[in-house]
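Observations on the model geometry
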Amino acid sequence: MPTAAAAVGSMPGEDPREAARTVFGELGESPHVPHLAPLPARGPGADPVGRTACLLVDLPVDLQPAGWRFVDAPGRDAARAAAFLRADLDELAEAADGWAGPLALPVLGPWSLLAAVELSRGERSVADPGARRDVLASLGEGVAGHVAEVRRLVPGARVVVHVEEPSIAAVLAGRLPTQSGYGTLRAVDRAEVRDGLRDVLSAVRAAGAEPVVRLSAEDAPWALVREAGAAGVALDVRGLGPAGWESVAATVEDGLQLWAGVLPAGGEPPSVASLVDAVRVPWRRIGLPATTLADVVVTPTAGLSGTDPATVRPSFARLREAAAALLEASGD
């Protein structure tokens, strides 16, 4: 994939038709990457946890006062989440008619999902080894089915599953608070985290899609994600220090693609030059060849759900301009 612009996070508003038309209107031209846009403003079930939990196979969830929880039988909250997703897929099929290029599907990763959904007794499910096994298997099957449905609706698409893991570092470090808030949960062994992520990413690949893992820049487990078989890594690159950029170098040299978060959400989009320099300057400093800039995908640093809808199209346009400028810089 040559230098491209993508916006794989949430969008403002509650209208899936408008969201799909905006995404494909601004990013629906090769080599850019349109996506199935979540709209969390619609309420419970459109949030990242509920949206991904509704993909689980034979593991029903429902919304409780403290958040999403595993239950014996699906309730109306899970049905609402499934209905939101169905509406989004219907609008995607119409907006993406004839599309023959990359198409991103954002889902919450297994470890962040386990960190968010509670067991019936009220503790985070990541604390229970049996729950961990069940969720990993269920999510792999559910995401594979999701990919198959999107490939049926948009036959020409090359699907990229954007696996968002904001909590994986906390799972590894034992920083997740207990349900009471008075302590923290025990860290999960690194090998188990790696193997569990690998199982889900392998299910994505088996379904005919490419997995890209999105991380928080702080304490990002770069090596673990490489070992798990990701095709790319996505994160906000603006705050990376020298050690972070050395990890970028190791990741790129290992054949993974960088999805670089450079565009802050909200407000007037920064200049194209500042967006390009957020990648180009440290790229050269760490000794990566300029030619490999041609493989970078530029994205917003976070979802756009909290932004003014009037800023979305200008933001996407600025990303396209930054991608073109970065491609030009790759020839320097």
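Residues numbered from 1 in each chain as written. Predicted model: local features only at pLDDT ≥ 70, side-chain atom pairs only at ≥ 80, totals over all residues. Heavy atoms only, no water.

**Focus on the side chain of glutamate 165**
Following the sequence through the fold, glutamate 165 ends up in strand β5 (residues 158-165). Look at glutamate 165: it is buried, it has no salt bridge, and the nearest opposite charge is arginine 214 at 11 Å. A distance of 3.0 Å separates a polar side-chain atom of glutamate 165 from the backbone nitrogen of tryptophan 111. At 2.7 Å, the side chain of glutamate 165 forms a polar contact with the side chain of serine 112. Filtering out sequence-adjacent residues up to four positions away, glutamate 165 remains in contact with Gly109, Pro110, Trp111, Ser112, Leu197, Val213, Arg214, Leu215 and Ser216. (Helix = DSSP H or I, 4+ residues; strand = E, 2+ residues; numbered from the N terminus. Buried < 20%, exposed > 50% of the residue type's maximum accessible area, 1.4 Å probe, protein only. Lys, Arg positive; Asp, Glu negative; His and termini not counted. Salt bridge = Lys/Arg side-chain N within 4 Å of Asp/Glu carboxyl O. Polar contact = N/O pair within 3.5 Å; in protein donor to acceptor, adjacent residues only side chain to side chain. Contact = heavy atoms within 4.5 Å.)

**Regarding helix α9 (residues 242-253)**
The end-to-end C-alpha distance of α9, which contains 12 residues, comes to 16 Å, matching closely the 16 Å that a straight helix rising 1.5 Å per residue would cover. Taken residue by residue, α9 has Gly244, Trp245, Val248, Ala249, Thr251 and Val252 as its buried positions. The buried residues of α9 occupy one face: seen down the axis, they fall within an arc of 165°. Seen from the open side of α9, the exposed residues pointing more than 90 degrees away from its buried face are Pro242, Ala243 and Glu253. Summarising the contacts, the buried residues of α9 are in contact with α8 (222-228), β7 (232-236), β8 (257-263) and α10 (272-285). Remark: glycine 255 follows α9 within two positions and exhibits a positive phi of approximately 95°. (Expected span 1.5 Å × (residues − 1). Arc of directions from axis to C-beta.)

**A word on the packing of aromatic side chains**
Both the distance between ring centres and the angle between the ring planes are used here to describe each pair of aromatic rings. Counting across every chain of the model gives 1 aromatic pair. With a centroid separation of 6.0 Å and 85° between ring planes, the pair formed by phenylalanine 24 and tryptophan 99 is classed as edge-to-face. You can see phenylalanine 24 sitting in helix α1 (residues 16-27) and its partner tryptophan 99 sitting in the loop between α3 (76-95) and β4 (102-108), a full 75 residues away along the chain. Summarising the burial analysis for this pair, phenylalanine 24 and tryptophan 99 share the class buried. (Phe/Tyr/Trp six-rings, centres within 6.5 Å; stacked < 30°, edge-to-face > 60°.)

**Overview of the nonpolar core**
Leu92, Trp111, Leu113, Val161, Val237 and Trp283 are the most contacted members of the largest nonpolar core, which has 96 residues in total. Sequence-distant contacts of leucine 113, that is, excluding residues within four places in its chain, are made with Val49, Thr52, Ala53, Leu56, Leu108, Ser125, Val135 and Leu139. Counting 10 residues, the second largest nonpolar core, distinct from the first, contains Ala6, Val33, Trp259 and Val297. (Core = buried A, V, L, I, M, F, W, Y, C linked by side-chain atoms within 4.5 Å.)

Fair warning: the whole summary comes from geometry, so function is off the table for now.
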